[in-house]
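Report on the structure
Single-letter residue listing:
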Amino acid sequence: MNIIVTGSISYDYLMRFPGRFVEHILPDQLHRISLSFLVDDMRRQWGGCAANIAYNLALLGERPYLMGTVGQDFGEYRQWLESHGVDTSLTREEPDLFTASFFANTDLDGNQICSFYTGAMARARELSFHNVSIRPIDLVVISPNDPQAMVRYAAECQELGIPYLYDPSQQIVRLSPEELREGLKGCDLLVVNDYEFELLRQKTGLSAEAVQRAPKRACVVTRGPGGSTIWTHDTVYEIPAVPPRAVGDPTGVGDAYRAGLIKGLCLGVSWDLAGRMGSLAATYALEHPGGQGHFYTPEEFVRRFREHFDDDGALDRLLSGKGGPCP
Ligand SMILES: Nc1ncnc2c1ncn2[C@@H]1O[C@H](COP(=O)(O)OP(=O)(O)OP(=O)(O)O)[C@@H](O)[C@H]1O
Ligand SMILES: [Mg+2]
């Protein structure tokens, strides 16, 4: 399968402040804030929606292409992704910029002060599927990215007849109602969480029914520990979540879910099973810090899947590497 994953690729810098922000913010000095918090704990994690989705697809035995723009500091990250089976040949380096970076400082009350530096990601709009020589392209994933890039990729997929999964998520706020309707119009699969579903519905002015039940596309709405629901043109599937063995960090659970679902569809299993593969992939991500802090082999995945669900042997395909037609 040739799967091209587009979207953000970033470094996440996560700091912990061993105090309380409110004790240092002077209400009568709000017009000239000058604060510096000494932190004694910092982690740098591999992140970004596209990179997370690609990483999880690679764990499940795919060799996805990651398409995006990154900065001069990407070397180590590229090695990490390549060593786990992600093809980064469509990931363009911008030598004058840094890779998109997320900086979050969290205090003892869980309050956060964060900044997201777009960096090289702002140039993702310059990439085009017309310049990609890989054919056939079986699926493109359009996940949160530079908003103009998302608009361009959706239009190009429609022009070129490439199936795509539309995942506007965090960028729903930055896309216009018209752009969102265009993105939705041509997609084969929409995946959002329940909050984003409501936001998307309100911004586009479409009814819930119109978003969920379109003749050509399937719609997936995730609800955290409440699982997820999949609507196809004629059926609704309720998908349970998989209870975690230990709760670590919810960063990247949504991305992992998408990868599990996509892998299931690539294998040609039913929507019911593909959704459950999404649930289990998400639970692995939940149990470890960051969006790429977890690891498993396809054998371990199948064994754990069968502790929860009956696949009637369908997941043997994950072990043999043989796919079937998508449902
Ligand atoms: N606490 C949890 N326990 C078990 N499964 C979970 C939990 N939270 C999330 N999941 C799984 O992950 C899927 C996606 O979760 P969620 O709806 O929170 O995505 P999201 O809001 O897009 O997350 P993200 O923070 O990654 O953007 C759920 O449908 C479920 O299968
Ligand atoms: Mg999400």
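Use the structure listed above.
So, here's what we can say about the structure.

Basis of the calculations
Residues numbered from 1 in each chain as written. Chains lettered and ligands numbered in written order. Predicted model: local features only at pLDDT ≥ 70, side-chain atom pairs only at ≥ 80, totals over all residues. Helix = DSSP H or I, 4+ residues; strand = E, 2+ residues; numbered from the N terminus. Pairing = 2+ DSSP bridges. Axes fitted to C-alpha atoms, helices over the stretch in contact; angles between N-to-C directions. Near = placed C-beta within 6 Å. Nonpolar A, V, L, I, M, F, W, Y, C, P; charged D, E, K, R; others polar. Buried ≥ 20, exposed ≤ 12 C-beta atoms within 10 Å, placed from the backbone. Arc of directions from axis to C-beta. Contact = placed C-beta atoms within 7 Å. Parallel < 35°, antiparallel > 145°, perpendicular 65-115°, else oblique. Left-handed = near helix turned anticlockwise from the far one by under 90°.

**Topic: unusual backbone geometry**
- Cis geometry marks the peptide bond from Arg135 to Pro136, where omega comes out at -5 degrees.
- Considering the arrangement of structural elements, one finds Pro136 in the loop between β7 (112-117) and β8 (139-142).
- For Ser169, which is not a glycine, the phi torsion comes out positive at approximately 25 degrees.
- Structurally, the position occupied by Ser169 is in the loop between β9 (164-166) and α4 (177-186).

**Overview of the sheet that holds strand β2 (residues 10-16)**
- In space, the 4 strands of this open sheet follow the order β3-β2-β6-β7, with mixed pairing throughout. The open sheet has two free edges, formed respectively by β3 (41-47) and β7, since each of these has just one partner strand. Looking at each pair of strands side by side, their axes are set apart by 15 degrees on average, direction ignored.
- Relative to β7, strand β6 (residues 100-106) is paired through 6 bridges, and the arrangement is antiparallel.

**Considering the site of ligand 1**
- Around ligand 1, the structure places 19 residues, and the nearest of them are Asn193, Thr222, Ala241, Gly254 and Ala282.
- Elements supplying a minimum of two residues to the shell around ligand 1: α7 (253-267) and α8 (271-286).
- Of the residues belonging to the shell around ligand 1, the class tally is 8 nonpolar, 9 polar and 2 charged.

**Quick notes on α4**
- All of the buried residues along α4 are Glu179, Leu180, Gly183 and Leu184. Buried residues of α4 fall within an arc of 130 degrees about the axis and therefore sit on the same side.
- Of the surrounding secondary structure, the elements contacted by the buried residues of α4 are α3 (147-160), β9, β10 (189-193) and α5 (194-204).

**Side note on the packing of helix α1 (residues 49-59) against α7**
- Relative orientation of the contacting elements α1 and α7 amounts to 45 degrees, with a least axis distance of 8 Å. On the basis of the axis angle, α1 is oblique to α7. Seen from above, α1 lies across α7 with right-handed handedness. Counted together, Cys49, Asn52, Ile53, Asn56 and Leu57 of α1 and Asp255, Ala256, Arg258, Ala259, Gly260, Ile262 and Lys263 of α7 form the full contact between these two elements.

**Some remarks on the sheet that holds strand β5 (residues 91-94)**
- On the basis of which strands lie adjacent, the open sheet formed by 9 strands has the order β5-β4-β1-β8-β9-β10-β11-β12-β13 and mixed pairing. Here the strands that pair on one side only, and so sit at the sheet edges, are β5 and β13 (236-239). Each neighbouring strand pair of the sheet contributes to a mean axis angle of 15 degrees, computed without reference to strand direction.
- Direction of pairing for strand β4 (residues 65-71) relative to β5: parallel, over a ladder of 4 bridges. When the bridges of β5 are listed, Gly71 appears paired with Glu94.
- Of the strands in this sheet, β1 (3-6), β4 and β8 touch α1, which is tilted by about 150 degrees from β1.
- Each of β12 (228-231) and β13 touches α8; the most contacted strand, β13, lies at about 30 degrees to it.

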